[in-house]
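# Observations on chain architecture
If you want the building blocks of each chain, they are given just below.
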Amino acid sequence: MNNPLLRSLRRGDPLIWFTGSALGVCLLMIAGLVGVILVNGLGFFWPRPLLEVTLRDGGVFLGEVENREQIPNPGHPDHLKKSRIQLRVGNRDLLGFDFKWIDEDEIARRPALPEAWFIERREYGPLIGTPVLLKEGEAVRARGP
């Protein structure tokens, strides 16, 4: 009757250790979930650089790179060897589209423009551009970027 194992079982020591271990595992899972949310979610609050993409044919687009993918061309030697970028150009009211796929072979230059602005709007998607003139009523307050 004086067996220490039986006394330990009667007092519930194994269950105390089990619940403590389960609590530790739950806290680790919660910390991991918070870490995943932070890693995937905090990038939303930092703006990406705005690029001015100049094409070989002279076309110019201003926007942020949203995606990059390989171009499929099954049955040809260049299958998945070329790539293209998806540029978020915004300005749907001016251009008629929000996004533009551009083959990287067509790009002549793509410098980042620090003076470009990305302004969220309720209609027609974001406004992406460089400021030219700031007016208050008829008075000009500022010119240029």
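Okay, so let's go over this structure. (Residues numbered from 1 in each chain as written. Predicted model: local features only at pLDDT ≥ 70, side-chain atom pairs only at ≥ 80, totals over all residues. Heavy atoms only, no water.)

### Examining the overall build of the protein chain
- Across its full length, the protein chain carries three helices and nine strands.
- Starting at the N terminus, the α and β elements of the protein chain follow one another as α-α-β-β-β-α-β-β-β-β-β-β.
- Since a compact globule built from 145 residues should have a radius of gyration of about 15 Å, the 29 Å found for the protein chain marks it as more spread out than a globular shape.
- With the C-alpha coordinates of the protein chain rotated into their principal frame, the extents come out at 95 × 60 × 25 Å.
- Looking at the protein chain as a whole, 19% of its 145 residues are labelled buried.
- Pairs at least 24 apart in sequence give 40% of the contacts found in the protein chain among residues at least 6 apart.
- Carbon together with sulfur atoms contributes 62% to the accessible area of the protein chain, which is approximately 11,300 Å² in total. (Helix = DSSP H or I, 4+ residues; strand = E, 2+ residues; numbered from the N terminus. Rg over C-alpha atoms; globule rule 2.2 N^0.38 Å. Buried < 20%, exposed > 50% of the residue type's maximum accessible area, 1.4 Å probe, protein only. Contact = heavy atoms within 4.5 Å. Areas by Shrake-Rupley, 256 points an atom, 1.4 Å probe, with all protein chains shown as cover.)

### Here we look at the sheet that holds strand β3 (residues 83–88)
- Spatially, five strands are ordered β4-β3-β2-β1-β5 in an open sheet, and the strand pairing comes out antiparallel. Only two strands of the sheet have a single neighbouring strand rather than two, namely β4 (99–103) and β5 (107–109). The average angle at which neighbouring strand axes cross in this sheet is 55°, direction not considered.
- Across five bridges, β3 lies against β4 in antiparallel orientation. The residue bridging Arg88 from the neighbouring strand is Phe99, located in β4. (Pairing = 2+ DSSP bridges. Axes fitted to C-alpha atoms, helices over the stretch in contact; angles between N-to-C directions.)

### So, the pattern of salt bridges
- Within this structure, the stated rule accounts for twelve salt bridges.
- Of the charged contacts, one joins Arg68 and Glu104 as a salt bridge, the two residues approaching to 2.8 Å between their closest N and O atoms. Here Arg68 is found in strand β2 (residues 60–70), whereas its partner Glu104 is found in the loop between β4 and β5, with 36 residues between them in sequence.
- Given the relative accessible area of 17%, Glu104 is considered buried.
- Ionic contacts of the salt-bridge type, sharing partners, join the residues Arg48, Glu64, Glu66 and Arg88 into one network. (Salt bridge = Lys/Arg side-chain N within 4 Å of Asp/Glu carboxyl O.)

### Brief notes about the pairing of strand β1 (residues 51–55)
- Of all five residues in β1, four are buried, a share of seventy percent or more.
- As defined by bridge partners, β1 adjoins β2 across four bridges and the pair is classed as antiparallel. By the bridge assignment, Val53 is partnered in β2 with Phe61.
- Joining the antiparallel neighbours β1 and β2 is a turn of four residues, in which Gly58 adopts a positive phi near 100°.
- Here β1 runs beside β5; their pairing, made up of two bridges, is antiparallel. Along β5, the bridge assignment pairs Thr54 with Arg109.

### Considerations on the environment of Gly144
- Following the sequence through the fold, Gly144 ends up in the segment after β9 (139–143).
- On the accessibility criterion, Gly144 (30% relative accessible area) is partly exposed.
- Here the alpha-carbon distance between Gly144 and Thr130, two residues 14 residues apart in the chain, equals 8.1 Å.
- Those residues within four positions of Gly144 in sequence are excluded, and the remaining contacts are Pro131 and Val132.

### Quick notes on the environment of Val25
- If you trace the backbone, Val25 turns up in helix α2 (residues 13–41).
- Since its relative accessible area comes to 46%, Val25 is described here as partly exposed.
- Note: C-alpha distance between Val25 and Glu123 (98 residues apart in sequence) is 47 Å.

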